[in-house]
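# Geometric and topological summary
Chain by chain, the residues:
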Amino acid sequence: MDAHEEMAASYGTHHGGSNKLYMTVWFSLVGLTLAEVYLAYLHFDPVAMLLMLIGLSILKAGLIVAYFMHLRFEKLGLVLTLVPATIFCIGMMTVIFPDSVRLMHVRLMH
Amino acid sequence: MTEAHSEAVVTGPWSGGGSPYAIGHKKLGMWLFILSDVMTFTALLMAYSYSRISNPDWPAHVFPIFPAIIFSTTMTVVLLASSLTMVMAVAAAHRKDRGSAVKWLLATMAGGLIFCVLHVMEWFHLIEEGVRPFTNPWGSPLFGAAFFGITGLHMTHVLCGVIYLGIVAFGYGTSRFKDEDVEVSGLYWHFVDLVWMFVFPMIYLMSVKY
């Protein structure tokens, strides 16, 4: 067994979940999906609707990453390397949105 | 510096003496690939949102309950089910149960293929209504480009995933691949599922009432 195989055997395939946990997560994901579909047929302000749907999607993404992708059971160092950098980069992309609202008003005036 | 201290530094995880993340290099590589792909899909969804907000003539109410919402909701549940079968495949590989792992991998591939078939049917329905990448009967031509671009790239990921899982199933079934290879392919598959969790509400559900 080479060094990489030893590491994979000792670290790479470590798991912390049980079938019961995975089924609970799966039913939660299906439930949240159906809640999103139900929400889509209610009358809300578009911004409020978008925030609710994105909020539920972030919750679903968190469940998938934490339990199905096992990040919940990895070393904290890996979590701290992956998650804050991703959130920061996604956050930086949102700076374009005020310009889209400005452009919408410009186009509505003409 | 004592000899013991010196050795501790050399073999310390942050000194190159071990793995600071305690995972194999394949798994770390897949996590880094996933991060780069997160940026790709985020940029596309941001561009979609920007285009939608800045174009007052963006097509509204384009997705009726049938077939679009029924189909896309079914596709979501199918993709989630394939994630569960993938979890079972990884758990079976962890138990060194190669036969079960391959069966669960094949079930996951079947889920991916069902997703693609439903998606193509839904695409054809929109194409019949006159939606093309650069034109549509309802308003801003960007709608078609954004819709086919984002959902097409996602479907490409699903198809690549089905092929990838097929290779892993064959390799693991014939003992050429190791348990970790099944787990790494699982990371990719769950990521494809995760992306759809944002594409579905942003593109489909936000077009039901607005």
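Below, the structure is looked at part by part. Just so it is clear, the model here is predicted, and its values are computed rather than measured.

This brings us to the packing of helix H5 (residues 142-173) of chain B against helix H6 (residues 179-204) of chain B. All names here are of chain B. For the pair H5 and H6, the least separation of the axes is 10 Å and the interaxial angle reads 160°. Judged on the interaxial angle alone, H6 and H5 are roughly antiparallel. In this structure, H5 meets H6 at a crossing whose hand is left-handed. Judged by residue contacts, Phe147, Ile150, Thr151, His154, His157, Val158, Gly161, Tyr164, Leu165, Val168, Gly171 and Tyr172 of H5 engage Asp181, Val182, Ser185, Tyr188, Trp189, Val192, Val195, Trp196, Val199 and Ile203 from H6. Of the residues assigned to the contact of H5 with H6, the class counts are 15 nonpolar, six polar and one charged.

On to the nonpolar core, then. Counting 67 residues, the largest nonpolar core has Ala89(B), Ala101(B), Leu105(B) and Leu187(B) as its most contacted members. Looking at this core, the elements that each hand over two or more residues are helix H2 (19-40) and helix H3 (46-68) of chain A together with helix H2 (25-54), helix H3 (65-94), helix H4 (98-128), H5 and H6 of chain B. When neighbours within four sequence positions are excluded, Leu105(B) is seen to be in contact with Ala89(B), Leu165(B), Val168(B) and Ala169(B).

Residue and element names in this part refer to chain B. Taken N-terminus to C-terminus, the directions of H3 and H6 make an angle of 160°; their axes are 9 Å apart at the nearest point. Between H3 and H6, the interaxial angle falls into the category roughly antiparallel. Relative to H6, H3 is oriented so that their crossing is left-handed. Contact residues: H3 offers Ala68, Ile69, Ser72, Thr76, Leu79, Leu80, Ser83, Met86, Ala89, Val90, Ala93 and His94, while H6 offers Asp179, Val182, Glu183, Gly186, Trp189, His190, Asp193, Trp196, Phe200 and Tyr204. By residue class, the composition of the contact of H3 with H6 is 13 nonpolar, six polar and three charged.

A word on the interface of chain A and chain B. Contact with chain A, which involves 45 residues of that partner, is made by 45 residues of chain B. Looking at the side of chain A that touches chain B, the elements with two or more residues in it are helix H1 (3-12), H2, H3, helix H4 (76-93) and helix H5 (97-109) of chain A. A per-element tally of the side of chain A that touches chain B places H3(A) first, with ten residues. Among the residues making up the side of chain A that touches chain B, the classes are represented as 30 nonpolar, nine polar and six charged.

Here the focus is the environment of Gly62(A). All names here are of chain A. Counting through the fold element by element, Gly62 comes out in helix H3. Of the residues examined, Gly62 has 14 C-beta atoms within 10 Å and is grouped as partly exposed. Distance in space between the C-alpha atoms of Gly62 and His43 is 27 Å, their sequence separation being 19 residues.

Residues and elements named next belong to chain B. Here Phe66 and Pro67 are connected by a cis peptide whose omega angle stands at 5°. Secondary-structure assignment places Pro67 in helix H3. A positive phi angle, close to 55°, is found at Ala22, a residue other than glycine. Along the chain, Ala22 turns up in the loop between helix H1 (3-11) and H2. Residue class for Ala22 comes out partly exposed when judged on the 17 C-beta atoms lying within 10 Å of it.

Calculation rules
- Residues numbered from 1 in each chain as written.
- Chains lettered and ligands numbered in written order.
- Predicted model: local features only at pLDDT ≥ 70, side-chain atom pairs only at ≥ 80, totals over all residues.
- Axes fitted to C-alpha atoms, helices over the stretch in contact; angles between N-to-C directions.
- Helix = DSSP H or I, 4+ residues; strand = E, 2+ residues; numbered from the N terminus.
- Parallel < 35°, antiparallel > 145°, perpendicular 65-115°, else oblique.
- Left-handed = near helix turned anticlockwise from the far one by under 90°.
- Contact = placed C-beta atoms within 7 Å.
- Nonpolar A, V, L, I, M, F, W, Y, C, P; charged D, E, K, R; others polar.
- Core = buried A, V, L, I, M, F, W, Y, C linked by C-beta atoms within 7 Å.
- Buried ≥ 20, exposed ≤ 12 C-beta atoms within 10 Å, placed from the backbone.

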